[in-house]
Amino acid sequence: CMSYTRIWITGSSGRLGAALCRLLTNIQYRILPSDLDVPIGDSQAVNQFADVNHPDVIINCAGLTDVQKCEACPEEAYKANALGARNLAIAARRLDAKLIQISTDDVFGGGGSKPLHEFLEPHPVTIYGKSKYAGELLVRELTDKHVIVRSSWIYGAGANDFLHSVLKAGEQGQMISVPENTISSPTSADVLAGFIHKLIESREYGVYHASCTGACTRAEFAREILRHKGYDENLVVETAAQSDMRPRFTLLDNMMMRMTGLYEMPEWKQALSDYFNKEGVK
C-alpha cells in the first residue's frame, strides 16, 4: 500500500492554513489539520497530537496575529508565537519531521528604505514582531530540519483581514483610513501555499522570504481592491499613523528564492486579480 506524506497544519482555519488545506487535499498527502483543539502553547497537547498522528511535516500557521491584542497581552502573544513554535520544534525534532514555521515581515523594524533580504538582522519593534522573531530563534535552536517562511500582508478567502474590511467599507460607501507611507507587498494566501507545497517536496532548509513581487503602500493596496469591485477609490484616505503598531517599511526581497531557483512569486497586482477571478470570491 502507498504511504502518504502526513502533514500537520496548525491554525488550519486561518487564511493560510485554509489555503493549504484546500491546495494539499487534492494532492497525495494525508492532511492532519488542527486549530484551537490543539493549542500550540500547550506542550502536552502538542506532544499528544504528534504521538497519535506521527506527522512527516509540520506547517505552523497558528499564532496570535492581532497586533493590538499582542501589545495589550504580551504574555499571550509570546505563548502563542514563541512558546508555540518551541513546542512544535521539540515535537518535530523528536519525530524527525520537517518543520515549516510561518513568520512575518513584522520581524523587521521598518526604518529603512531598501528591500529586506534573508541575511539582514531583524530588529522588531512591536510585541507581535518580537514574539514572532522569538519563535523563529527557538525553531532554529531546537530542530535542524526547519524552514522559516516570512511573508507580508497575507490575504485570503474567509478571513476577517484588511482586504475584507476594505471590501465591506467599499460596499457601504464608508471612508477607509490607512496609515500613510506604510510600504510592503500584499501576498495572496493561495500563492504562498503554492510555494509551501514546493518546500514540502524539496530538501531546502533555512530562512525564505516569500512575498508577491513589487511594492505598494497600504492606500494603493486598498484602492486596487476597490477598483476590482468597481467601488469608489476615493474612499481611501491616508492619515498619519495612529501609533507605531505596524512598522513603516517592510518590503521583503525574496533573495533566497532567486538564488536557489526554487520558486517565483507573481507580481502583487497579478496575484490580486487572480484572487478576484477565482470562482466563488465574493
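Residues numbered from 1 in each chain as written. Predicted model: local features only at pLDDT ≥ 70, side-chain atom pairs only at ≥ 80, totals over all residues. Heavy atoms only, no water.

Q: Where do I start with the pattern of salt bridges in this structure?
A: A side chain of one charge can pair with a side chain of the opposite charge when the charged atoms of the two come close. With the rule as written, the count across this model stands at ten salt bridges. For the salt bridge of Arg22 with Asp190, the shortest nitrogen-to-oxygen distance reads 3.1 Å. Here Arg22, found in helix 1 (residues 15-25), pairs with Asp190, found in helix 7 (residues 189-201); they are 168 residues apart in sequence, far enough to count as distant. Look at Arg22 and you get partly exposed, because its relative accessible area is 39%. Across the salt bridge formed by Asp253 and Arg258, the nearest N and O atoms sit 2.7 Å from each other. Within this structure, Arg22, Asp190 and Lys278 form a network of salt bridges that share partners. (Salt bridge = Lys/Arg side-chain N within 4 Å of Asp/Glu carboxyl O. Helix = DSSP H or I, 4+ residues; strand = E, 2+ residues; numbered from the N terminus. Buried < 20%, exposed > 50% of the residue type's maximum accessible area, 1.4 Å probe, protein only.)

Q: Any chance you could explain the environment of Ser113 here in plain terms?
A: When you line up the elements, Ser113 lands in the loop between strand 4 (98-104) and helix 5 (127-142). When the C-alpha atoms of Ser113 and Arg248 are compared, they prove to be 9.3 Å apart, with 135 residues separating the residues in sequence.

Q: Even after reading the chapter, I still don't get the sheet that holds strand 1 (residues 5-10), so can you show me in this structure?
A: Strand pairing in a sheet takes place through backbone hydrogen bonds and is either antiparallel or parallel in direction. Across the sheet, six strands lie side by side as 2-1-3-4-5-10; this open sheet has parallel pairing. Strands at the two margins of the open sheet, each flanked by one partner only, are strand 2 (29-34) and strand 10 (206-209). Pairwise comparison of adjacent strand axes, ignoring direction, gives a mean angle of 20° for this sheet. Direction of pairing for strand 3 (residues 57-60) relative to strand 4: parallel, over a ladder of four bridges. The residue of strand 4 that forms the bridge with Ile58 is Leu99. (Pairing = 2+ DSSP bridges. Axes fitted to C-alpha atoms, helices over the stretch in contact; angles between N-to-C directions.)

Q: Honestly, unusual backbone geometry in this entry has me stumped. Any pointers?
A: Comment: phi is negative for the bulk of residues other than glycine, and the bulk of peptide bonds are trans. We note that Asp96 has phi near 55°; this positive angle belongs to a residue other than glycine. Checked against the element boundaries, Asp96 lands in the loop between helix 4 (74-95) and strand 4. Relative accessible area serves as the criterion here: at 51%, Asp96 is assigned to the exposed category. Look at Asn181: it is not a glycine, yet its phi comes out positive at around 65°. The residue Asn181 is located in the loop between strand 7 (176-179) and strand 8 (183-184) in this model. Since its relative accessible area comes to 41%, Asn181 is described here as partly exposed.

Q: Could you clarify how one ought to interpret the packing of aromatic side chains in this entry?
A: The description of an aromatic ring pair uses the distance of the two centres, along with the angle that the planes make with each other. In this structure the tally under the stated criterion is nine aromatic pairs. The interplanar angle of 35° and the centroid separation of 4.4 Å between the aromatic rings of Trp8 and Phe49 together place this pair among those described as tilted. Of this pair, Trp8 sits in strand 1 while Phe49 sits in helix 2 (residues 43-53), and the two are 41 residues apart along the sequence. What makes Trp8 buried here is its relative accessible area of 0%. An aromatic cluster of three or more residues is present, and its members are Trp153, Tyr155, Phe162, Phe221, Trp268, Tyr275 and Phe276. Taking the ring centre of Tyr205 as reference, the NZ or CZ of Lys98 above it sits at 4.7 Å. Its guanidinium or amino end placed over the ring of Trp153, Arg218 lies 4.1 Å from that ring's centre, counting from NZ or CZ. (Phe/Tyr/Trp six-rings, centres within 6.5 Å; stacked < 30°, edge-to-face > 60°. Lys NZ or Arg CZ within 6 Å of the ring centre and 35° of its normal.)

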